[in-house]
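What follows is the residue order along each chain.
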Amino acid sequence: SLDLTYGDFDRSYQNDILVYKQSGERIFSYYSFNPNTVQQCLDMMEKYKDRKIFKGIKIHPAWHKAFGHDPRYEAVFKYASENALPILCHTWSISLTNPIQKFSVPSTLTRYASQYRDVRLILGHSGGRYGGMLEAIELARSCPNVFCDVAGDIYLDRFVETLVSRIGADRVLYGSDYSMMDQRIMLGVVLGADISHEDKEKILCKNAAGIFNIPMPQEGA
């Protein structure tokens, strides 16, 4: 987004408001937090303090080249705690072809996940590759406020089944990584997983509705 990548907060948040209205109040948005511009980010979250539209905060340690345990992230976890907002954090495995991913390995988030147990922390991509997934699972098992989403080009055998068996379906979330990927790819991974129908409902809808305080649609609506 413009705010996460380029710091164009006003333009980005105004566009988010427009999309929310044009979608019939069905498309929600995240705030973003850049540890290199702490006060500006906090000020903009206060300026656009409409929680019907903005349901969480996104951080991206790799893009901003700040490890997940960086002291500058203290401010966003504190804000999230005080405002009952979840945080979505990009996570990935150590990568020889993309070295900035070293900032985003799941274990670097242990400090804040443990300190702010009231903040629901979503590990975007569940660590990305096999080594990162093992770290994501370990963090989620040690911190009940940590969730894993399945967004991204993650084609590990029995990926969803492994997450469900190790941390429970209640803490696994569907994610598409749109617009980098077609939403149907990871949707198919979840629907094709060898888990119960009830667990698929949790992953695809119910868990997110609870985390983001979004009312579930009525049967037949």
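Residues numbered from 1 in each chain as written. Predicted model: local features only at pLDDT ≥ 70, side-chain atom pairs only at ≥ 80, totals over all residues. Heavy atoms only, no water.

### Observations regarding the sheet that holds strand β6 (residues 172-173)
On the basis of which strands lie adjacent, the open sheet formed by six strands has the order β1-β2-β3-β4-β5-β6 and parallel pairing. Every other strand in the sheet has two partners, leaving β1 (29-32) and β6 as the edge strands with one partner each. Bridge count between strand β3 (residues 87-90) and strand β4 (residues 121-124): four bridges; the pairing is parallel. When the sheet's bridge partners are listed, histidine 90 is paired in β4 with glycine 124. Each of β2 (54-59), β3 and β4 touches helix α5 (residues 74-83); the most contacted strand, β2, lies at about 165° to it. (Pairing = 2+ DSSP bridges. Helix = DSSP H or I, 4+ residues; strand = E, 2+ residues; numbered from the N terminus. Contact = heavy atoms within 4.5 Å. Axes fitted to C-alpha atoms, helices over the stretch in contact; angles between N-to-C directions.)

### Observations concerning unusual backbone geometry
Residues other than glycine predominantly adopt negative phi, and peptide bonds predominantly adopt the trans conformation. The peptide bond linking tyrosine 178 to serine 179 adopts the cis configuration, its omega dihedral lying at 20°. The phi torsion at glutamate 25 lies on the positive side, around 65°, for a residue other than glycine. Within the secondary structure, glutamate 25 is located in the loop between α2 (9-22) and β1. Despite not being glycine, aspartate 177 has its phi angle at roughly 65°, a positive value. Of note, aspartate 177 is situated in the loop between β6 and α9 (183-191). Judged by its relative accessible area of 23%, aspartate 177 is partly exposed. (Buried < 20%, exposed > 50% of the residue type's maximum accessible area, 1.4 Å probe, protein only.)

### With respect to the pattern of salt bridges
On inspection of all chains with the given rule, the structure shows 12 salt bridges. Among the ionic pairs, arginine 111 bridges to glutamate 74, the shortest N-O distance being 3.8 Å. Here the residue arginine 111 occupies a position in helix α6 (residues 110-115), and glutamate 74 occupies one in helix α5, the gap between them amounting to 37 residues. On the accessibility criterion, arginine 111 (39% relative accessible area) is partly exposed. The class of glutamate 74 is partly exposed, set by a relative accessible area of 22%. A salt bridge links arginine 129 to aspartate 153, with the nearest nitrogen and oxygen atoms 3.2 Å apart. Separated by 24 residues along the polypeptide, arginine 129 in the loop between β4 and α7 (130-142) and aspartate 153 in the loop between β5 (146-149) and α8 (159-167) bring together distant segments of the chain. In this structure arginine 129 comes out as partly exposed when scored by relative accessible area, which is 32%. (Salt bridge = Lys/Arg side-chain N within 4 Å of Asp/Glu carboxyl O.)

### Describing the packing of aromatic side chains
Centre distance and the angle of the planes are the two values used to describe a pair of aromatic rings. Counting across every chain of the model gives 11 aromatic pairs. Ring geometry for tyrosine 13 against tyrosine 31: centres 5.8 Å apart, planes inclined by 80°, an arrangement best described as edge-to-face. On the criterion of sequence distance, the pair formed by tyrosine 13 in helix α2 and tyrosine 31 in strand β1 is long-range, its members being 18 residues apart. With relative accessibility at 0%, the residue tyrosine 31 sits in the buried group. Considering the side-chain rings of phenylalanine 77 and tyrosine 116, the 6.0 Å spacing of their centres and the 35° angle between planes classify their relative orientation as tilted. Here phenylalanine 77 is found in helix α5, whereas its partner tyrosine 116 is found in the loop between α6 and β4, with 39 residues between them in sequence. Looking at phenylalanine 77, the relative accessible area reads 1%, which means it is buried. Every member of this aromatic cluster is reached through a ring pair, and the members are Phe9, Tyr13, Tyr31, Tyr48 and Phe54. (Phe/Tyr/Trp six-rings, centres within 6.5 Å; stacked < 30°, edge-to-face > 60°.)

### A short note on helix α10 (residues 197-211)
Turn by turn, an α-helix covers 3.6 residues, leaving residues three or four places apart pointing in a common direction. In this model α10 runs 20 Å from its N-terminal to its C-terminal C-alpha over 15 residues, within 8% of the 21 Å that 1.5 Å per residue would give. Maximal helix bending in α10 amounts to about 50°, located at isoleucine 203. Asp199, Lys200, Ile203, Asn207, Ala209 and Ile211 are the residues of α10 that are buried. In this fold, the buried residues of α10 make contact with β4, β5, α8, β6 and α9. Two residues or fewer past α10, asparagine 213 is found with a positive phi of approximately 55°. (Expected span 1.5 Å × (residues − 1). Bend = angle between axes of the 7 residues up to and from the residue.)

### Side note on the nonpolar core
Formed by 52 residues in total, the largest nonpolar core has its most connected members in Phe33, Ile57, Phe77, Ile87, Leu121 and Val160. Filtering out sequence-adjacent residues up to four positions away, leucine 121 remains in contact with Phe77, Ile87, Cys89, Leu109, Ala113, Asn145, Val146 and Phe147. (Core = buried A, V, L, I, M, F, W, Y, C linked by side-chain atoms within 4.5 Å.)

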